[in-house]
Structure formats: structure tokens, C-alpha cells
Amino acid sequence: MSVEQRPEIVTLMAERGSFDPPAAFAARANATPALYDEANADFEAFWAREARERVDWETPFHTTLKWELPFAEWFVGGRLNISYNCLDRHVERGLGDKVAYHWIGEPGDTRTFTFRDLLVEVARCANALKELGVGQGDRVAIYLPMIPELPIAMLACARIGAPHTVVFGGFSAEALAGRINDAEAKVLITADGGYRRGNIVPLKQSADQAMQETPTVERCIVVRRTGHEVPMTAGRDLWWDDVVERQAAECPPVWVDSEHMLYLLYTSGTTARPKGIVHTTGGYLVGTSVTHHYIFDIKPDDVFWCAADIGWVTGHSYIVYAPLANATTGIIYEGAPDTPAWDRWWQIVEDYKVTILYTAPTAIRAFMKQGEAWPAKHDLGSLRLLGTVGEPINPEAWLWYHLNIGGERCPVVDTWWQTETGMILITPLPGITRTKPGSATFPFPGVGAAVLDSTGQPVGPGGGGYLVLTRPYPAMLRGIYKDPERYRQTYWTRFDGTYFTGDGARLDTDGYFWLLGRVDDVMNVAGHRISTIEVESALVDHPAVAESAVVGKTDPVVGQAIFAYVILKAGRQPSDELAVELREHVAKVIGPIAKPKHLMFAPDLPKTRSGKIMRRLLRDIAEGRALGDTTTLADAGVVETIRTESGREED
Ligand code: AMP
């Protein structure tokens, strides 16, 4: 049978046990099994109830959902302001003195903002934007490090109905210019620089370079973060201190329609030209705040740390909008996890008594590589819940996180979602769901997800295939900016009328969803489709291995042969014997079919700036061909090193 006729994804990964919710946690959990029943009975009614209870509307909505496939409108007729929901209403209800953010700069400086402080800063920034001619509907680009002015600027835009587009501070001038031009932004907000591993990231320099090619930008506001000298262009550039600080401390919120565009966010782009994902106001606020409340079990005294960058959707939804809407105290840390040493995060958890930590598997694996002595030096007893997002988490990393960070008492929520979905969609509910390391478990109440085979038929229990979403949900993307045709083409044509996520998944016999990564991360080995994550998990299961990335390499006999890049833990040395041992280990854990034909020890892996492994480049290296687009690569040096070593290996 040819590869094309055998499209199902074979699932070989062994399960690593399961974890029941701790009884004490379950007794106080926000989520109850009744949520699933309520949402199953009528998902629109479920969202409508949550929307009424959780959000303050200036004008109530009259229609919960208008669904003209593939275009959704939620809470139609409703008018609201999201910054009012994040700030004013809490102050009005007596929470003005509650801390909204504890901010920690990389060099060790700190700032604390109460909800009242934040409201004042947001009002001042909104007034400054108005003075510069920004009105409802005008786009504002934001290119800032992880400093308090970043959420302040976002909320200020939202306050006056000006959609923002945040560009991650690690992106180049070229990437920034492309995004500004697509969004046709009128104002750019940036900083003189930011701190990263003790160095200054020269943001203003990149912004200046970008602005040579962005005719729509009229003014540029510059936050003073590092204090080093940067050129300022007269008539265009203004210091934040000069234009924001002198403004009035009050600014009435502009009430907007539920479907008013809140922001544009360009996808991280492991593949093609970035897409401007459109998110609107009412549905986004409902979807993010509801998921935040139940999935993170938010209580009034929690200290919530989502350790992502605000430049990614994770930060938009779960550092800024949802936690503030739920009046939660949050942590923002500016810098790198290894500065000054590998226990920086654990010091922060101890100092601020963080109760909930949400991070990415790539960070967990980086901590694993450094060993458990770093977290063991600190009192992590305040933690009560852990989360992950961004990639499939290999069971070994899940178990390490659960043991070494969560002290075996904290439930772990592995949350699946995308820039496009705006909110978490597949996840355990802590206190209810029995978790299995490596599985994101079940769709959130009200969310419809299925796994289809290549002909569009649902796979049964135990089957693998393509993950689709079968129902609209409030925070879903409303389209690709200015390109409805690309929106249809990208998401709605692979399976007619159903949203295709681009991810592979399998269902186990208990109905649990196991995410397998992007479908282009699936290899065809002798007619079997094997997900790279399964082989990677088997490798990381070996005590010598810190991280691995697996790709398919064209092979005359089996179609694709498995090529594994392996990074060893600190203190372990590469050797031919170890390579043989690792290949045998995979054969033992998964089966001989998954045994890598090629195995290479690498010093590091090429990753996007959000920490996703760029397998596309690893495939180029494995095939010995020229590299494709490398503009989203975090560290270009890594690829060169691997390529040199791989050349040596082939010799
Ligand atoms: P982005 O839009 O950049 O946030 O990336 C979304 C993609 O990240 C998804 O389509 C998945 O491929 C991957 N992803 C995110 N969270 C998870 C998770 N919990 N498990 C597996 N894959 C994930």
C-alpha cells in the first residue's frame, strides 16, 4: 500500500500512568462536572450565561451568535469597553488597592501597580494617543520589551477603540516593518531598549530602520527603559515621559460594538508570510476570562504567573486581558530565565509567593537540562497549580514539572490552543479531570473538537488523524486582516465547512485527545505516518537526553527515514555507543518501526522566538539542501553549527 493510501497517523506512544485530581483541590475547585452538561445541552446558552455574569456591558447583547460559516459574530448588539472591564469596574467595587501587577526587571529593579495605579496610567496613555490624533479604528503598533508600559499601551488603545498590533520585541526591523505596513499603523510605541541576558536589545534602532519603510507611521512614542542614548527624529519621535506623564489622569472609555476589532496579531510564522489574525472585543473577553477562571481555578488571593511574552497570543490573553478582567494579581518578568542564574524563576516564585505558573514545554525542558538542584534551592510551596502551552509536552517533561516544580501536589493543565483561537480550547479542568502526562485531555465545555481521517470521517477511539473544530466559540478569529479569501483557504477548505487546525491528534480509548504537533511534523515511514513528537518523547525518556527534534529524511526504501537530533543533558558526552543505545531505546519504548535511522548529537536546536522547534530547517539540513526562510529564527548561529556538524557526519 502506498504512503498516500495510508494516511492515518499511527500512534505508538506508551502512556505513562494517570493522575486523579487531589481531593483537597477538588473540594474547592471553580469547575464542576455540571459545566460540561450545561454546555452540551446548549452551548450558546452556556456562553450567553457566562457573558452576562462575567462581563459588564454598557448595552446588553440581543443575539448570542450569528454564524454565517466561516464568519462568526458573538454577543451581537452588545456594547462594552474591555479596559473598563479590566480596570474601572474593579476600582469602583473597592479593589483599587489590590495589586494588578508585580513587575520585575531583569537587572533587579521592581515596580508594583495596583488596579487604581494601572487605571491612571492607562488613562494618561490614552489621552496622549488622542492628542496625537489616534481615533477609534486607527491602528497602533507596539514594539516594547516586557515592561509595564506594554500592557498599559495595549489597554490605552482598547480604551479609545484603537486596535493594537503588538510585535514581539525579539523580531527584526524587517519583520516589524512588514507588520506595520499590513496593519497600516498610524503610531508606533517602542522603547530605547530592553534587557535580555544582561545585554541591551536595541529596539529603537530596529524601529528607526523599520520606519524608513512604513509611510503610515506619523508619530513614534519612545519609552525610556535603559537610558542609553538613541537618536530621536524631530517632528516624529516623542519621549513617553514628555507626552504621557503630563496628561490628565482620567479618560472616559469609548464604548464599542461587541464585534469591534480589539487587535491584530501576526502568527509566529513557522511557515509562510505572516497572517494578521483579527480578534474582536466581546467574544474575546468572554472566551478568555471564562477559560482563565475555570482552567486556572482563579481565587481572589491568587498570584498568577503566565511566563510567556506579551508579544504572543498567550501573553495577550493570559497576562493582560483575562487576568485583569478577573481582577487577578499577576507577575511580569522582563528577562531571561538564566539571568543571573538558572534559579531566577524559582526565586521569583518564592519572593512573590506565586500560586499558579503557566509556561511552555520548551522552558521546562531547558530547566530539566540544568538539573533539579536549581528549583530545589527555593521554597516553591506557594504553588498550587501548573500549566503548559505551546507544543505537545513529552510525558517525561510533564512528570519532571509535576515532581520538581509542583512537589507532586499541583495539578498540571496541558492547554491546547492557537493564536487563531484566542482562548484555550482543549484542556483538563483542575479538580475534575484525571490527567495523563502528554495529553491535553478534553475540549473545554462548549467547545467542539474532533479527529478526522483524510477523507473527513471521524476516527474511532484509538485512532489518529487531523484535529478539527466543529463549532464556533466566542474568542475565535474573525478572519485574516484584509484577506477573507486567504482565511477561507487556510482554515476552511481542507475539510469542507469545518475549521482545520493544522495539527495532528489521536484519541485514546478513553476519549482523551493527544496532540501530535503540526501535520507537516508527521513522517511517512514505510507507509506508516508517525508523529515526530512520539519519537522525540521516547528519546527524552532516556536519562542522558535533554531535548530532541525528529524529522523525516527522504529514503529510497522506506519513503522517509527518521532523522533524530539529540541534545544531551549537562555533563553527558556524545559517543557512538550512546547513539546505538538511544536508537535501541526508541525501539524498546515505541517499537522497531520508530527507531531512528540517523542520529546526530547537536549543541542546540533552531527555534522560533516563541520557542517552537523549526523542523522545516532541520529537514533542510537533513536533506542537505539550501535553507528556507530563516527570518523567524531566534538564533541563526545554531543552524550553522548543526549544518557544519551534519556535513562532517555525512563525510
Ligand atoms: P501559536 O499560534 O503560535 O500559538 O501556535 C499554535 C500551535 O502550537 C498549535 O497549532 C499547536 O501545534 C501548538 N500547541 C499549542 N499548545 C499546544 C499543546 N498544549 N499541545 C500540543 N501542541 C500545542
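Since the structure is predicted, the reported quantities are computational estimates derived from the model, not experimental observations.

A word on the overall build of the chain. Assigned secondary structure in the chain consists of 20 helices and 31 strands. Over its C-alpha trace the chain gives a radius of gyration of 24 Å, about what one expects of a compact globule, namely 26 Å for 651 residues. With the C-alpha coordinates of the chain rotated into their principal frame, the extents come out at 70 × 60 × 50 Å. The long-range fraction of contacts in the chain, counting pairs at least 24 apart against all pairs at least 6 apart in sequence, stands at 71%. Carbon and sulfur atoms make up 50% of the accessible area of the chain, which amounts to about 23200 Å² in all. Distance between charge centroids for the chain: 1 Å, based on 64 positive and 83 negative side chains.

Strands sit in the order β22-β23-β25-β26 across an open sheet of four strands; the sheet is antiparallel. In the strand order of this sheet, the two ends are held by β22 (449-452) and β26 (513-518), each with one partner. When the angles between neighbouring strand axes are averaged without regard to direction, this sheet yields 45°. The pairing of strand β25 (residues 499-507) with β26 spans four bridges and is classified as antiparallel.

The next point concerns the site of the ligand. As a matter of local geometry, the ligand sits amid 16 residues, with D414, T415, Q418, T419 and R518 nearest to it. P392 is positioned with one of its backbone polar atoms (N or O) 3.3 Å from a nitrogen atom of the ligand. Protein coverage of the free-state accessible area of the ligand, which is 500 Å², stands at 91%.

Where helix α10 (residues 282-295) contacts helix α11 (residues 313-325), the two axes come as close as 9 Å, and the packing angle between them is 85°. Here α10 is positioned roughly perpendicular relative to α11, judged by the angle of their axes. The segment α10 lies against α11, with Y284, L285, T288, S289, T291 and H292 engaging H316, S317, Y318, Y321, A322, P323 and A325. In terms of residue class, the contact of α10 with α11 is built from seven nonpolar, six polar and no charged.

With that out of the way, let us pick up unusual backbone geometry. The omega torsion of the bond from L69 to P70 falls at 5°, within 30 degrees of zero and hence cis. Its place among the elements puts P70 in the loop between β2 (63-68) and β3 (71-76). The peptide bond linking T339 to P340 adopts the cis configuration, its omega dihedral lying at 0°. Structurally, P340 is set in the loop between β18 (329-333) and α12 (344-352). For K482, which is not a glycine, the phi torsion comes out positive at approximately 60°. With respect to the element layout, K482 can be found in the loop between β24 (479-480) and α16 (484-492).

On to the nonpolar core. In this structure, W47, L129, L188, F296, Y318 and Y321 are the most contacted members of the largest nonpolar core, which totals 142 residues. The element that contributes the greatest number of residues to this core is helix α5 (residues 115-131), accounting for nine residues. Apart from the residues within four sequence positions on either side, F296 is in contact with T291, F304, Y318, I356, Y358, R384, L385, V413 and I424.

What follows is about helix α3 (residues 43-54). A rise of 1.5 Å per residue sets the reference length of α3, with its 12 residues, at 16 Å; its end C-alpha atoms lie 16 Å apart and thus fit the reference within 8%. Among the residues making up α3, those that are buried are F43, F46, W47, A48, E50, A51 and R54. For α3, the secondary structure elements touched by its buried residues are α2 (34-41), β2, β3, α4 (82-95) and α10. The N-cap residue of α3 is D42: its side-chain oxygen and the backbone nitrogen of E44 are 3.3 Å apart.

This next bit is on the pattern of salt bridges. Applying the stated rule across the entire model yields 38 salt bridges. Across the pair R365 and E547 runs a salt bridge whose closest N-O atoms are separated by 3.1 Å. With R365 in helix α13 (residues 361-370) and E547 in strand β29 (residues 545-555), the pair connects residues that are 182 residues apart, well separated along the chain. The network of salt bridges with shared partners includes E38, R49, E50, E53 and R54.

We now examine the sheet that holds strand β17 (residues 303-306). The strand order β6-β5-β18-β17-β19-β20-β21 describes an open sheet built from seven strands, whose pairing is mixed. Of all the strands in the sheet, the pair left with one neighbour each is β6 (110-114) and β21 (412-414). With direction set aside, neighbouring strand axes in the sheet form an average angle of 15°. The pairing of strand β5 (residues 99-104) with β18 spans four bridges and is parallel. Directly across from W103, in β18, lies its bridge partner I332. Across the sheet, α5 lies against β5 and β6, angled at about 90° from β6, the strand it touches most.

Another aspect to go through is empty space enclosed by the protein. Within this structure, the stated rule accounts for three cavities of 30 Å³ or more. Lining the largest cavity, in full, are N81, I82, C157, A158, G161, A162, V256, H260, M261, L262 and T281. Breaking the lining of the largest cavity down by element, the ones donating at least two residues are α6 (149-159) and β15 (261-266). Taken together, the residues of the lining of the largest cavity sort by class into seven nonpolar, four polar and no charged.

Another point: the confidence of the model for the chain. Here the chain averages 92 in pLDDT, while 95% of its residues score no lower than 70. Low pLDDT (under 50) marks residues 1-7, which in the prediction has nine contacts with non-local residues, meaning those over four places away or in another chain.

For the rest of this paragraph, the subject is the packing of aromatic side chains. For the structure shown, the criterion picks out 35 aromatic pairs. Summarising the aromatic geometry, the rings of Y466 and F495 are spaced 5.9 Å apart at their centres and angled 55° between planes, so their arrangement reads as tilted. Residue Y466 is located in strand β23 (residues 464-469), and its partner F495 is located in the loop between α16 and β25; the two are separated by 29 residues in the primary sequence. Following the ring pairs from residue to residue traces out a cluster consisting of W67, F71, Y487, Y491, W492 and Y499. Seen from the ring of Y466, R494 lies directly overhead, with NZ or CZ sitting 5.2 Å from the centre. A cation over a ring is seen here: R506 above W514, with NZ or CZ 4.6 Å from the ring centre.

This next bit is on the state of the cysteines. Counted under the stated rule, the structure contains zero disulfides. This cysteine, C157, is not joined by any disulfide, and C125 carries the nearest cysteine sulfur, 6.7 Å off. On the basis of relative accessible area, C157 is assigned to the buried category, the value being 0%. Free cysteine: C306, not disulfide-bonded; nearest cysteine sulfur from C86 at 15 Å.

When you line up the elements, E92 lands in helix α4. With 300 residues separating them along the chain, E92 and P392 place their C-alpha atoms 42 Å apart.

Procedures and definitions
Residues numbered from 1 in each chain as written. Predicted model: local features only at pLDDT ≥ 70, side-chain atom pairs only at ≥ 80, totals over all residues. Heavy atoms only, no water. Helix = DSSP H or I, 4+ residues; strand = E, 2+ residues; numbered from the N terminus. Rg over C-alpha atoms; globule rule 2.2 N^0.38 Å. Contact = heavy atoms within 4.5 Å. Areas by Shrake-Rupley, 256 points an atom, 1.4 Å probe, with all protein chains shown as cover. Lys, Arg positive; Asp, Glu negative; His and termini not counted. Charge placed at Lys NZ, Arg CZ, Asp CG, Glu CD. Pairing = 2+ DSSP bridges. Axes fitted to C-alpha atoms, helices over the stretch in contact; angles between N-to-C directions. Near = heavy atom within 4 Å. Polar contact = N/O pair within 3.5 Å; in protein donor to acceptor, adjacent residues only side chain to side chain. Parallel < 35°, antiparallel > 145°, perpendicular 65-115°, else oblique. Nonpolar A, V, L, I, M, F, W, Y, C, P; charged D, E, K, R; others polar. Core = buried A, V, L, I, M, F, W, Y, C linked by side-chain atoms within 4.5 Å. Buried < 20%, exposed > 50% of the residue type's maximum accessible area, 1.4 Å probe, protein only. Expected span 1.5 Å × (residues − 1). Salt bridge = Lys/Arg side-chain N within 4 Å of Asp/Glu carboxyl O. 1 Å grid on protein atoms, 1.4 Å probe; cavity = no way out; pocket = protein on both sides within 12 Å on 5 of 7 lines; lining within 4 Å. Points joined across faces, edges and corners; volume = space filled by probe spheres on them. pLDDT = per-residue confidence, 0-100. Phe/Tyr/Trp six-rings, centres within 6.5 Å; stacked < 30°, edge-to-face > 60°. Lys NZ or Arg CZ within 6 Å of the ring centre and 35° of its normal. Disulfide = S-S within 2.5 Å.

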